[in-house]
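Below, each chain spelled out in residue letters.
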Amino acid sequence: MSWVDIVVSIMSGLAVCIPLVVQLVNVVRASVKEKNWSQIVAIVLDLMKEAETLFSEGAAKKAWVMSGVESAAKSINYNYDEVAKQKVSDMIDAICATAKIVNAEGAEENEAD
């Protein structure tokens, strides 16, 4: 076997391994990000509870929670990009909408009593 055959064998092996390594890195990054997402959700819920006592206006509450989440994301090494900000914003809106429905149903039940 000549040195040319050896080099060709090494190059073909690298051509197969490099895409696999790239894919592995992407999977690891995604799994780490998903692992930290549950921490982000817990942080959002805690901050929302605290914001209820600090502010009366909804926009001020949301702005305070969003800034708190951004700070907390840095501390847990979460890549808090624009997509993540939008997800958090949508989550806050959904939680608030759900709370309004639940609170309205509770008020109706209290009136019926």
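Going by the structure above, here's the rest.
Residues numbered from 1 in each chain as written. Predicted model: local features only at pLDDT ≥ 70, side-chain atom pairs only at ≥ 80, totals over all residues. Heavy atoms only, no water.

(A) Geometry of the overall build of the protein. The helix and strand tally for the protein stands at 3 helices and 0 strands. Secondary structure elements of the protein occur, N-terminal to C-terminal, as α-α-α. Scored against the burial criterion, the 113 residues of the protein give a buried share of 17%. Long-range contacts, defined as pairs at least 24 residues apart, comprise 55% of the intrachain contacts of the protein with a sequence gap of at least 6. Total accessible area on the protein is roughly 8,300 Å²; 62% of this is exposed by carbon and sulfur atoms. (Helix = DSSP H or I, 4+ residues; strand = E, 2+ residues; numbered from the N terminus. Buried < 20%, exposed > 50% of the residue type's maximum accessible area, 1.4 Å probe, protein only. Contact = heavy atoms within 4.5 Å. Areas by Shrake-Rupley, 256 points an atom, 1.4 Å probe, with all protein chains shown as cover.)

(B) Spotlight on the pattern of salt bridges. In this structure the tally under the stated criterion is 4 salt bridges. Across the pair K85 and E70 runs a salt bridge, and its minimum N-O distance is 3.9 Å. Here the residue K85 occupies a position in helix α3 (residues 82-112), and E70 occupies one in helix α2 (residues 58-75), the gap between them amounting to 15 residues. For E70, a relative accessible area of 32% puts it in the partly exposed group. The salt bridge involving E82 is made with K85; its shortest N-O contact spans 3.6 Å. Taken together, the residues span about one helical turn, with E82 and K85 both in helix α3 at a distance of 3 residues. Look at K85 and you get partly exposed, because its relative accessible area is 24%. (Salt bridge = Lys/Arg side-chain N within 4 Å of Asp/Glu carboxyl O.)

(C) Up close: unusual backbone geometry. The phi dihedral of N77 falls on the positive side, at around 60°, and the residue is not glycine. The residue N77 is located in the loop between α2 and α3 in this model. Since its relative accessible area comes to 68%, N77 is described here as exposed.

(D) Structural view of the side chain of K61. With respect to the helices and strands, the residue K61 is situated in helix α2. On the basis of relative accessibility, which here comes to 16%, the residue K61 falls in the buried class. The contacts of K61, once residues within four sequence positions are left out, are A51, E52, F55 and S56.

Honestly, it's all geometry; don't read function into it.
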